[in-house]
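Chain and residue survey
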Amino acid sequence: MTTLLNDDETYEKIDRDPFESLQTRTKLLLKEVNEECDRNLSVFQLSLSDTSLARAYGLPKIHKKDVPLRPIISLVGSPTYVLAKIFYEEPSPVVKPPASHVDNSFDFKSKIANISIPTDYVLVSLDVVSLFTNVPLNLVLESLDRRYSDLSKSRLSFDKIREVMTFLFNNTYFKFNNVFYRQTYGIPMGSCISSLAVNLVMEDLEKHFLSVLKQHGCTPLFYYRYVDDTILCINKKDIELTVNVFNSYNEKLKFTHEVEQDKKLNFLDMSLINDNGRLLLDWYQKPSNTTRLLSYHSRHSTQQKINIIYNLVDRATKLSDQQFHAKNIEKVRNLLRDNDYPSAFVNRHVFKRMWTLKHFKPDSHTIGPNPTCKAILKLPHIDHFYDKCANMLRKYNIKVIPTKSESLTSLITLGKDKIDKLEKTGVVYHLKCMNCAKSYVGQTKRKLKIPVYWKI
C-alpha cells in the first residue's frame, strides 16, 4: 500500500493535518448547496462537527495475478462525504445512462438475446487499467459541459455543479500509517461521485470511439459496458484500430484487450460462445473462485442457507442456455456438497427452485415481493427463539429477517489506521473526578476531545 501511495503523479504527502482547513471550506460550500437544493439540513449537519479525516486501505484483487492491491479511500464520515452524497443525488436523475450501459449479467443477457454473428466478426473485451485513479478532472468537466442542457434541469445550478465537482476532485485528503496525503490525480474509489464521474467520461469515450470507427466504415455488431469492463463484436480486421482508438483518447487511460479464443470469450460471469454464428451463453466462474460458501454448519438461519441454493440455481440456469443447464446444476450440487450441505437438503431445494422458475417469467431474475406481506421485522438469530417467533408472526403475514449479533468485520480488519480515542465521533464516554468519587457519563456526536476539553 505504501508503494502505491508513493506514486508522485497520483498522491502527495502533506506536512500537517489538513482536517480543520478542509472542514471549514467544506462547510461554506455545503451551506450554499443546501440553500440551492432546499435540502433543509439541520444546523448540526451543516457544522460537520461529527466528521474526521478519511482513511485509506488496500483491497486485494484476488482474481488477478500476484493479488495486487486496489487503493480505497474511505470517505464515509469525512468532511466532504455529505457534500458528495448530495451532489451525487441531485444531478444523477437528469443524466440518462447510455444505450451501452448494462446493470448486471441478467440485463446483459437480455440485450444480446437472438444475436447472430457474421463470419468475419469476433468477440473482443476491453478493460481499463486502474480507471478511477486515472480519470482526470479536465475530462470530467468537459463531460459536464457537453450535458449542459440535461444538467440545467437539476435543482443545483450548472455553475455550482462544476464548482462542487472541482472541489471534490481537488480535496481528497486522507491518512495512512499516520501520514497525511492528498490525491492529486483521478478520483478515489470510496467517493459517492466516483461512479458518476467515471460513467460520464466512459460514455464520451464510447461516442468518440464509435464516431472514429464510422469514419473508417466500421460498425460494431454490438457494444456494451459494465463500469470499466467493455465487450463488443467487430470485424477481425478492426481489432487493432479499436485498441488504438481507445488508448489514444487520453494518455492516462490505458486499455487491455482480449480476443475470443476457440470461439469463446468470458465477460462478467458468463461465457459467450460463437457456435457457427449463433451466440450461446454459459455460466462462468473465474479460476480464482474459492468455491467457499456459507457452511451448512454455521449458526445462520435455515432460510439463509436455502437462499444460497436459490441464488446459485438462478445464476446457473438464467445465465446459460438450456443445453448447459444439466452441467451447471451438477456444478451447483458439487459446490454445496463441498460446503457440507446434505445431499437430501440440496436436492430438495434445487428441485423446488427449478419448479418455481419454470412457472414464472423466464426473463425475470427475481420472483418479487409477497403482496400479502404486511410488515418486515428483523430479529436476532438465536436458536429456537427465532424459529418460534418466525412461525408465530408468519400467521399474521409478517416477514421475519434473521440478523447476527456478530459479523466477519469483528474478525477481519481492512487495514485502516486506528483512530485515536479523542478523535473518535459518536461515542459514549465516562469521566471520573480526580478529587472525589463522582463521575460523569455523556454522549456526543462530535469528536470526543471537544466535550472532554470543556468538561475538564
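Conventions adopted
Residues numbered from 1 in each chain as written. Predicted model: local features only at pLDDT ≥ 70, side-chain atom pairs only at ≥ 80, totals over all residues. Heavy atoms only, no water. Helix = DSSP H or I, 4+ residues; strand = E, 2+ residues; numbered from the N terminus. Areas by Shrake-Rupley, 256 points an atom, 1.4 Å probe, with all protein chains shown as cover. Lys, Arg positive; Asp, Glu negative; His and termini not counted. Charge placed at Lys NZ, Arg CZ, Asp CG, Glu CD. Pairing = 2+ DSSP bridges. Axes fitted to C-alpha atoms, helices over the stretch in contact; angles between N-to-C directions. Buried < 20%, exposed > 50% of the residue type's maximum accessible area, 1.4 Å probe, protein only. Contact = heavy atoms within 4.5 Å. Phe/Tyr/Trp six-rings, centres within 6.5 Å; stacked < 30°, edge-to-face > 60°. Polar contact = N/O pair within 3.5 Å; in protein donor to acceptor, adjacent residues only side chain to side chain. Core = buried A, V, L, I, M, F, W, Y, C linked by side-chain atoms within 4.5 Å. pLDDT = per-residue confidence, 0-100. Disulfide = S-S within 2.5 Å. Salt bridge = Lys/Arg side-chain N within 4 Å of Asp/Glu carboxyl O.

Here the focus is the overall build of the protein chain. Of the regular secondary structure elements, the protein chain holds 15 helices and 16 strands. For the C-alpha atoms alone, the extent of the protein chain along its principal axes is close to 85 × 65 × 45 Å. Per element, the accessible surface of the protein chain, about 26100 Å² overall, is 52% carbon and sulfur. Positive and negative side-chain charges in the protein chain, numbering 66 and 50 respectively, have mean positions lying 9 Å apart.

All right, on to the sheet that holds strand β1 (residues 11-14) then. Ordered by their spatial adjacency, five strands build an open sheet running β1-β6-β5-β2-β3, and the pairing between neighbours is mixed. Bordering the open sheet on either side are β1 and β3 (69-74), each of which pairs with just one other strand. Across the sheet, the mean angle from the axis of one strand to that of its neighbour is 40°, orientation sign disregarded. Direction of pairing for strand β2 (residues 54-60) relative to strand β5 (residues 173-176): parallel, over a ladder of two bridges. Bridging across to β5, Arg55 finds its partner in Lys175.

Here we take up the side chain of Thr80. Of note, Thr80 is situated in the loop between β3 and α4 (81-89). A relative accessible area of 7% means that Thr80 is categorised as buried. Setting aside residues up to four positions removed in sequence, Thr80 forms contacts with Leu22, Thr26, Leu75, Phe167, Leu168 and Asn171.

Across the sheet, which stays open at both edges, the four strands sit in the order β7-β8-β4-β9 with antiparallel pairing between neighbours. This sheet does not close on itself; its edge strands, each paired only once, are β7 (222-226) and β9 (255-259). Each adjacent strand pair in this sheet contributes to an overall mean axis angle of 20°, direction not counted. Along the sheet face, helix α9 (residues 194-215) touches β4 (121-128), β7, β8 (229-235) and β9 and points at about 165° away from the line of β7.

This part takes up unusual backbone geometry. Its identity is not glycine, yet Asn178 carries a phi of approximately 65°, on the positive side. If you trace the backbone, Asn178 turns up in the loop between β5 and β6 (179-183). In this structure Asn178 comes out as exposed when scored by relative accessible area, which is 61%. One non-glycine residue, Asn397, lies in the positive phi region at around 60°.

Taken as a whole and assessed by the stated rule, the structure comprises twelve aromatic pairs. Pairing Phe209 with Phe246 gives two aromatic rings, centres 4.6 Å apart and planes at 40°, and the pair type is tilted. Placement of Phe209 in helix α9 and of Phe246 in helix α10 (residues 239-247) is noted, with a sequence separation of 37 residues between them. Residue Phe209 is classed as buried on the basis of its relative accessible area, which comes to 0%. Overall, Phe246 belongs to the buried group, its relative accessible area being 0%.

Its location among the elements puts Arg337 in helix α12 (residues 325-338). Spatially, the C-alpha atom of Arg337 lies 58 Å from that of Glu35, the residues being 302 residues apart in sequence. Ignoring anything within four residues of it in the chain, the contact list for Arg337 reads Glu330, Ser343 and Asn347. For Arg337, the side chain forms a polar contact with the side chain of Asn334, separated by 3.3 Å.

In this section: the nonpolar core. Counting residues in hydrophobic clusters, the biggest one holds 61 residues, and the most contacted among them are Phe87, Met165 and Leu253. Within the residue set of this core, elements represented by two or more residues are α2 (19-37), α4, β4, α6 (137-146), α8 (158-170), α9, β8 and α10. If one sorts the elements of this core by residue count, α9 sits on top with ten residues. Contact partners of Leu253, with chain neighbours within four places excluded, come to Val128, Leu131, Asn134, Val135, Leu139, Val201, Leu205, Phe246 and Asn247. Of all hydrophobic cores here, the second largest spans 36 residues; its members include Leu123, Phe222, Trp283 and Val332.

All right, on to the environment of Leu377 then. Position of Leu377 relative to the elements: it lies in strand β13 (residues 375-380). C-alpha of Leu377 to C-alpha of Leu126: the two residues are 251 residues apart in sequence and 44 Å apart in space. Among all residues touching Leu377, those that are not within four sequence positions of it are Leu393, Ile398, Lys399, Val400 and Ile401.

Attention now goes to the confidence of the model for the protein chain. Averaged over all residues, the pLDDT of the protein chain is 86; the fraction at 70 or higher stands at 93%. Within the protein chain, helix α15 (residues 449-455) has the poorest average pLDDT of any element, 59, and α12 the best, 95.

Next up on the list: the state of the cysteines. Considering all chains together, one arrives at zero disulfides under this definition. In this structure Cys37 is not part of a disulfide, and its nearest cysteine sulfur, from Cys192, lies 14 Å away.

The element β8 is extensively covered by neighbouring structure, given that six of its seven residues are classed as buried. Across seven bridges, β4 lies against β8 in antiparallel orientation. Bridge pairing in β8 links Val122 to Ile234. With five bridges connecting them, β7 and β8 associate as antiparallel partners. Paired with Tyr223 across the strands is Leu232, a residue of β8.

Taken as a whole and assessed by the stated rule, the structure comprises 22 salt bridges. We note a salt bridge from Asp107 to Lys111, for which the minimum N-O separation is 3.6 Å. Here Asp107 pairs with Lys111, and both are found in helix α5 (residues 105-111), just four residues apart, close to one helical turn. A residue is classified by how much of its surface remains accessible, and Asp107, at 16% relative accessible area, is buried. With a relative accessible area of 29%, Lys111 lands in the partly exposed category. Residue Glu163 is joined to Lys160 by a salt bridge in which the shortest nitrogen-to-oxygen separation is 3.0 Å. With a gap of three residues between them, Glu163 and Lys160 both fall in helix α8, about one helical turn apart. Linked by salt bridges that have partners in common, Glu142, Arg146, Arg147, Glu203, Asp204 and Lys207 make up one network.

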